[in-house]
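The lines below spell out each chain.
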Amino acid sequence: MNPAPAEQDFQEAIAFTKRLGRALHRNGAPAYRLEDVLEVLSGTFGLRGDFFTTPSALFYSFDLPGEGGRAYLQRVRGTEIQFARLVALDRVFNEVVLKKISIAEANARLDRVLADRAPWHPLLVGFAFVAASFSAAFFYGGGIREMLLAAACGIGLGALSLLTRSVASLARLFEPLGAFIVAFLATALASAFGASDDLATLAGLVALVPGFSITVAATELATGHPLSGTGRMANAFMTLMMLGIGVAFGRSAAEALLGSAPPGVIEEALPGWWEPATLVLAGLSLGVVFQAAPRHFLAVVAAVFVPWFVLHGAEGHIGLEGALFLAAFANGIFAHAWARWRDLPSMIVRLPGMLILVPGGTGFLSISALLEGD
């Protein structure tokens, strides 16, 4: 017996809601954003739904006319952030809510979005890791020697990222293996470069420290999503632990083979034009790492400039902690203003702007100090 037309419509609506929710979750949507999207979407279909998200699962509950309700659980693995895909998913959501396309058309669009390749080749992403490490050394106060050493560490990290694409079993060990490689290279090459291996190590790991995860976790906790926020914070803490352990082993291995590197002396400050040039490079490299579409690169670069200049403009007046708060506040204002203007996800500019404030760097240094007995 075929289901009644109304029941068939509800089944299609539920199936599409689950598909879009899973796609958004896999591409980095935080709990507060994801649950809001699913509530709006289910309301558009005439469904009354309740949703609950964790960093690794989605729960759906729908009350259907004449029924006691239906509940579903989706496990979500392999979360990654791709800005271009987030934009495409957001466009599908908007057109469904505005009733510009049917569920069948939306499913076809969703198939194409999920099947599309990332806009940037993995080899270019590997080079972006190098550029991000090079730029980060400047932000941490390093000179040209630290920047070059950090870039050398970034080459090792980029090579590992390419290897994990062909050897899937290595993907789960990416953070500790990446930390081991970066620390080993920084310690082994510090003498040749005459640079600080500590600073180069931190800069080389900038793409791995979970600064955004910590920020999202804190936001989820503040917006009433304690389970998701606690789970994400615990995962970020474990990532920091794995990075710290990887650095400890990498440094120990290099010292056992080559001896301890003499402490490097950071050079005098670079010329003033290095700052804007390095910020542009950082924005472009983060755009490639997070697979942003070329048309959004200007916004990504602008998002890097805004919090950086607010931070350094305010630090001399209100101290580092107050300046960090003000810079993060400016980043949020800029990101949401841009998102409303362009009708696009704010994460495209919020994430690069937040990473330039390196909130994960302090956590990594704390773990490193703990492992060293301090």
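Note that the structure is a prediction, hence the values are computed from the model and not measured.

Colleague: Can you walk me through unusual backbone geometry in this structure?
Modeller: Peptide bonds are trans in most cases, and residues, glycine excluded, mostly fall at negative phi. Despite not being glycine, Lys99 has its phi angle at roughly 60 degrees, a positive value. Positionally, Lys99 belongs in the loop between α3 (83–97) and α4 (103–115). Here Lys99 falls in the exposed class, since its relative accessible area comes to 61%. The phi angle at Gln291 is positive, at roughly 55 degrees, despite the residue not being glycine. By the secondary structure assignment, Gln291 is in the loop between α11 (274–289) and α12 (297–342).

Colleague: Teacher, can you tell me more about helix α13 (residues 347–355) here?
Modeller: Think of an α-helix as turning once every 3.6 residues; residues three or four places apart then point the same way. In terms of burial, α13 is largely enclosed, as nine of its nine residues are buried. Of all the residues in α13, the buried ones are Met347, Ile348, Val349, Arg350, Leu351, Pro352, Gly353, Met354 and Leu355.

Colleague: Where do I start with the pattern of salt bridges in this structure?
Modeller: It is possible for side chains bearing opposite charge to pair when their charged atoms get close. Following the criterion strictly, the structure yields six salt bridges and no others. Across the salt bridge formed by Asp63 and Arg48, the nearest N and O atoms sit 3.0 Å from each other. In this pair, Asp63 is assigned in strand β2 (residues 57–63) and Arg48 in strand β1 (residues 48–54), connecting sequence segments 15 residues apart. A salt bridge links Glu220 to Arg232; the nearest nitrogen and oxygen atoms lie 3.1 Å apart. Here Glu220 is found in helix α9 (residues 211–222), whereas its partner Arg232 is found in helix α10 (residues 226–258), with 12 residues between them in sequence.

Analysis parameters
- Residues numbered from 1 in each chain as written.
- Predicted model: local features only at pLDDT ≥ 70, side-chain atom pairs only at ≥ 80, totals over all residues.
- Heavy atoms only, no water.
- Helix = DSSP H or I, 4+ residues; strand = E, 2+ residues; numbered from the N terminus.
- Buried < 20%, exposed > 50% of the residue type's maximum accessible area, 1.4 Å probe, protein only.
- Salt bridge = Lys/Arg side-chain N within 4 Å of Asp/Glu carboxyl O.

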